[in-house]
Amino acid sequence: MSERRMLIVDAELVKRIDDNRGDMSRPDFINFLIESQLKEETKKPGGVTREEFHQLQEGTKELLRSFLDFFISYGLELGRQPADGEFEQLSQKLQGLGGSAKLKGS
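Computed from a predicted model, the values in this text were never measured in an experiment. (Residues numbered from 1 in each chain as written. Predicted model: local features only at pLDDT ≥ 70, side-chain atom pairs only at ≥ 80, totals over all residues. Heavy atoms only, no water.)

Asks: Tell me about helix 1 (residues 11–20), and name the residues and values.
Replies: Burial of helix 1 is sparse: only one of the 10 residues sit out of reach of the surface. Gly22 lies just past helix 1 and shows a positive phi near 65°. (Buried < 20%, exposed > 50% of the residue type's maximum accessible area, 1.4 Å probe, protein only. Helix = DSSP H or I, 4+ residues; strand = E, 2+ residues; numbered from the N terminus.)

Now the structure itself:
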């Protein structure tokens, strides 16, 4: 038989244990909680959270906006005048990216 020790805990904690343990004994329930917590710590997350994905998506859109803005400005600085349709199309893409970020952020 294993050695037994006494653990002194608050009465509120004992009540929470009793309320949630169902048919398990107190020692079995506490052992179950400890084992499940230790197993969770050894698991490595295999994916990203929704928030991390959203941050990546917004960062990518911001990078694309900066990239397009730079090349439009660079082209204008060199003196090359873009065709009206080309400039308008790029301008709409930039505004579209800005608008989609604002809509999702609201």
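That shown, we press on.
Asks: So what's going on with the pattern of salt bridges? Residues and values would help.
Replies: By the definition in use, this model includes five salt bridges. For Asp19, the salt bridge identified is with Lys15, shortest N-O distance 3.0 Å. Residue Asp19 and its partner Lys15 are both found in helix 1; the two are separated by four residues, about one turn of the helix. Across the pair, Lys15 and Asp19 agree in class, each one exposed. Here the salt bridges share partners, and the residues they tie into one network are Asp18, Arg21 and Arg26. (Salt bridge = Lys/Arg side-chain N within 4 Å of Asp/Glu carboxyl O.)

Asks: Would you mind going over a nonpolar patch on the surface in detail, with residue names and values included?
Replies: Taken together, Leu64, Phe67, Phe70, Phe71 and Tyr74 make up a surface patch of nonpolar side chains, about 530 Å² in accessible area. Along the chain, Tyr74 turns up in helix 3 (residues 50–77). Overall, Tyr74 belongs to the partly exposed group, its relative accessible area being 44%. (Patch = residues over 30% accessible without salt bridge, like charges linked within 9 Å, V, L, I, M, F, W, Y side chains within 5 Å. Areas by Shrake-Rupley, 256 points an atom, 1.4 Å probe, with all protein chains shown as cover.)

Asks: Explain the environment of Leu68 residue by residue, including any values.
Replies: Tracing the backbone shows Leu68 in helix 3. The exposure class assigned to Leu68 is buried, which follows from its relative accessible area of 16%. In the structure, Leu68 is positioned 25 residues away from Lys93 in sequence and 8.7 Å away in space, judged by C-alpha atoms.

Asks: Requested: an account of the confidence of the model for the protein, with residues and values cited.
Replies: Mean pLDDT over the protein works out to 79, with 75% of the residues at or above the 70 mark. Within the protein, the element-level pLDDT minimum falls on helix 4 (residues 84–105), averaging 64, and the maximum on helix 1, averaging 93. A low-confidence stretch, residues 101–106 (pLDDT under 50), is modelled with six contacts involving residues beyond four sequence positions or located in other chains. (pLDDT = per-residue confidence, 0-100. Contact = heavy atoms within 4.5 Å.)

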